[in-house]
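Coordinate inspection notes
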Amino acid sequence: MIKSTVDVRETPPAQRHPLIFGTFEDLAVGEQFQLVNDHDPKPLFYQFSAERPGEFTWDYVEQGPQVWRVTIGRVK
């Protein structure tokens, strides 16, 4: 179940990852949110993999060239 959408295209870069991780922390197990970004958030995927291994799902919904949408879910 998608709980919310977080569109970071207008958010200053330094505030994006804290906002995204804060949104993730607010999820219950089984919930998801959709991230909307202006570039491929692959570095964010690597950060999630390092800091939250086995705790999240990552599914691309749209992959550019101008908008990327990723559904991020909490599994534990």
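The preceding data block contains the structure.
No experiment lies behind these values; they were computed from the predicted model shown. (Residues numbered from 1 in each chain as written. Predicted model: local features only at pLDDT ≥ 70, side-chain atom pairs only at ≥ 80, totals over all residues. Heavy atoms only, no water.)

1. Some remarks on the sheet that holds strand β4 (residues 68–74)
Read from one edge to the other, the open sheet built from four strands follows the order β1-β2-β4-β3, with strand pairing classed as mixed. In the strand order of this sheet, the two ends are held by β1 (2–7) and β3 (56–63), each with one partner. Going from strand to strand, the sheet's axes swing by 20° on average, the running direction of each strand aside. The pairing of β3 with β4 spans seven bridges and is classified as antiparallel. For Y60, the partnering residue across the bridge sits in β4 and is V70. Helix α1 (residues 13–25) contacts β1, β2 (32–37), β3 and β4 of the sheet and is inclined by roughly 165° relative to β2. Contacts between helix α2 (residues 42–51) and the sheet are confined to β2, β3 and β4, with β3 contributing the most and set at about 175° to the helix. (Pairing = 2+ DSSP bridges. Helix = DSSP H or I, 4+ residues; strand = E, 2+ residues; numbered from the N terminus. Axes fitted to C-alpha atoms, helices over the stretch in contact; angles between N-to-C directions. Contact = heavy atoms within 4.5 Å.)

2. Concerning α1
Taken as a whole, α1 has its buried residues at R16, I20, F21, T23 and F24. Across the axial projection of α1, the buried residues extend over an arc of 155°, all falling on one side. In α1, the exposed residues that point more than 90 degrees away from the buried face are A14 and P18. Contact partners of the buried residues in α1: β1, β2, α2, β3 and β4. (Buried < 20%, exposed > 50% of the residue type's maximum accessible area, 1.4 Å probe, protein only. Arc of directions from axis to C-beta.)

3. What about the pattern of salt bridges?
The full count for this structure, using the stated rule, is five salt bridges. A salt bridge links D38 to R16; the shortest N-O distance between them is 3.3 Å. With a gap of 22 residues between them, D38 in the loop between β2 and α2 and R16 in helix α1 connect regions that are remote in the sequence. Take D38: its relative accessible area is 34%, and that puts it in the partly exposed class. Judged by its relative accessible area of 10%, R16 falls in the buried class. Among the salt bridges present, the one from E62 reaches R69, with a minimum N-O distance of 3.0 Å. Overall, E62 belongs to the partly exposed group, its relative accessible area being 32%. Taking the relative accessible area as the measure of exposure, R69 reaches 26% and is therefore partly exposed. (Salt bridge = Lys/Arg side-chain N within 4 Å of Asp/Glu carboxyl O.)

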